[in-house]
Amino acid sequence: MLSHDRVWAAIDALAERYSLSASGLARRAGLDSTAFNKSKRLSSDGRPRWPSTESLAKIIEATGASLDEFTGLVEGRARDASGATTAQRSAVPLLGFAQAGAGGFFDDAGYPSGQGWDLVELPARATETSYALKVQGDSMLPLYRNGDVLIVEPGAATRKGDRVVVKTNAGEVMAKVLDRQTAKSIVLISLNPEHPDRDIAMRDVEWVARIVWASQ
């Protein structure tokens, strides 16, 4: 028998099977990126909210999964070829800093969108909106080296002392330490002492995202 929890768990499992977050699965299916967020699974009065049959059809088509495969996930039959339960993985979109500055990969809020993203697996589960940026060059030494991977979370609250990634309207992408942010400007401290600190007018900032994890 179908249940609300099992259907949503199957959507999460389908996303993981194809190395996607729930929001990534929604985007691949041509849906709003927040369509499968956990906050959308209950109505404001606490009643269960079910995904539409159209949404289910779109995610099955987008992943190339079969109806039987999805039904198996609903029924808890998520097994690999050997019969073992499929291991859960956490993968997020990955992009280089230079690509990030070129545009077309983010929405207005700094969330990943569009095409051309690679995927990188993490040792711990990421949130639905996390993504990864690969450091390029030596401007972030000694803290971050060329090739290091930074996991950023656009929706995370920021405060003084946090390490953040900032993208300007001109396409510049930088990792800095947040010193101060007001409605008019943001003051950033450079990680590399050879590079100047920055005081940027907020009208020139496209988005700010907090760094929540970095490879070593």
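Before any of the text, the structure's been laid out above.
Residues numbered from 1 in each chain as written. Predicted model: local features only at pLDDT ≥ 70, side-chain atom pairs only at ≥ 80, totals over all residues. Heavy atoms only, no water.

Colleague: What exactly am I supposed to notice about the overall build of the protein here?
Modeller: A tally of helices and strands in the protein yields 5 helices and 9 strands. Across the protein, helices and strands are ordered from the amino to the carboxyl terminus as α-α-α-α-β-α-β-β-β-β-β-β-β-β. Out of the 216 residues belonging to the protein, those deemed buried represent 45%. Contacts in the protein between residues at least 24 apart in sequence constitute 56% of all its contacts with a sequence separation of at least 6. For the protein, the computed accessible surface area is about 11,700 Å², with 50% contributed by carbon and sulfur atoms. (Helix = DSSP H or I, 4+ residues; strand = E, 2+ residues; numbered from the N terminus. Buried < 20%, exposed > 50% of the residue type's maximum accessible area, 1.4 Å probe, protein only. Contact = heavy atoms within 4.5 Å. Areas by Shrake-Rupley, 256 points an atom, 1.4 Å probe, with all protein chains shown as cover.)

Colleague: Would you mind going over the pattern of salt bridges with me for this structure?
Modeller: Pairing of side chains with opposite charge becomes possible as their charged atoms draw close. Per the counting criterion, the structure on display carries 7 salt bridges. When the shortest N-O distance is used, the salt bridge between Arg-145 and Asp-148 registers 3.8 Å. Here Arg-145 falls in the partly exposed class, since its relative accessible area comes to 42%. Across the pair Lys-160 and Asp-179 runs a salt bridge whose closest N-O atoms are separated by 2.6 Å. In this pair, Lys-160 is assigned in the loop between β4 (149–153) and β5 (163–168) and Asp-179 in strand β6 (residues 173–181), connecting sequence segments 19 residues apart. (Salt bridge = Lys/Arg side-chain N within 4 Å of Asp/Glu carboxyl O.)

Colleague: Sorry if this is basic, but what is going on with helix α1 (residues 4–17) here?
Modeller: For the α-helix, the turn length of 3.6 residues means that residues three or four positions removed from each other point alike. For α1, with 14 residues, the first-to-last C-alpha span of 20 Å sits near the 20 Å given by 1.5 Å per residue. When α1 is considered as a whole, its buried residues turn out to be His-4, Val-7, Trp-8, Ala-10, Ile-11, Asp-12, Leu-14, Ala-15 and Glu-16. Among the structural elements, α2 (22–28), α3 (53–63) and α4 (67–74) are those in contact with the buried residues of α1. Ser-19, located one to two residues past α1, shows a positive phi value of around 55°. (Expected span 1.5 Å × (residues − 1).)

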